[in-house]
Amino acid sequence: MRYADIKPRMNNSGTTLWRTTTILTSAQKQAFMAQYARVAQVSEAQVVANVQRYMPFLLLRALAWCARLLVDYEHKPIQNPEIYAKCQQYLQPEFLTQLFKKNGID
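What follows is about unusual backbone geometry. In the Ramachandran plot, Gln-41 falls in the positive-phi region, its phi being about 60° despite a non-glycine side chain. Relative to the assigned elements, Gln-41 resides in the loop between helix 3 (26–40) and helix 4 (44–74).

Scanning the entire structure with this criterion turns up five aromatic pairs. With a centroid separation of 5.7 Å and 45° between ring planes, the pair formed by Trp-18 and Tyr-90 is classed as tilted. In this pair, Trp-18 is assigned in helix 2 (residues 16–19) and Tyr-90 in helix 5 (residues 81–90), connecting sequence segments 72 residues apart. Where Tyr-73 meets Tyr-84, the ring centres are 5.6 Å apart and the plane angle is 50°; that geometry is what we call tilted. Pair noted here: Tyr-73 is in helix 4 and Tyr-84 is in helix 5, with a separation of 11 residues, a long-range link. Residue Tyr-73 is classed as buried on the basis of its relative accessible area of 13%. Tyr-84 sits in the partly exposed class, given a relative accessible area of 22%. Here a set of aromatic residues connected by ring pairs shows up, and it is made of Trp-18, Trp-65, Tyr-90 and Phe-95.

Within the protein, residue pLDDT values average 84, and 85% of them lie at 70 or more. In this model, residues 6–14 is a region of pLDDT below 50 whose contacts with residues beyond four sequence positions or in other chains number 16 contacts.

Rules of the game
Residues numbered from 1 in each chain as written. Predicted model: local features only at pLDDT ≥ 70, side-chain atom pairs only at ≥ 80, totals over all residues. Heavy atoms only, no water. Helix = DSSP H or I, 4+ residues; strand = E, 2+ residues; numbered from the N terminus. Phe/Tyr/Trp six-rings, centres within 6.5 Å; stacked < 30°, edge-to-face > 60°. Buried < 20%, exposed > 50% of the residue type's maximum accessible area, 1.4 Å probe, protein only. pLDDT = per-residue confidence, 0-100. Contact = heavy atoms within 4.5 Å.

Laid out in C-alpha cells, this is it:
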C-alpha cells in the first residue's frame, strides 16, 4: 500500500495544518482511516491502533524539527517566514497542550 494509492481519494492535502488552516474533525479522520483500511485490506481497528501508537513519535519528530528551525534562525536570516511563523505557532504552550490532549499524550 502506497500513500499515492489513497491520496487521490482524500478531500484535503496530506498535511492539512502545515500549509493550510484545516484541522480534520474526528469524523474526517475516522473516514480516512476506514477508507485506508479498505484499500490496504487490513482491519480498521489495526489501522487505528497503529496510528495511536505512532502518533507520539510523529509529534515529537515534528516538534523537534520546529524547535531546531527556530534555533537555526537565531543565527542566520529567516529564509521562509511562513514556515518560521508556523513553527512558532506549534511550539506555543496552548497549542502543545491541545495537541497532546487530543492525541492522548499526558
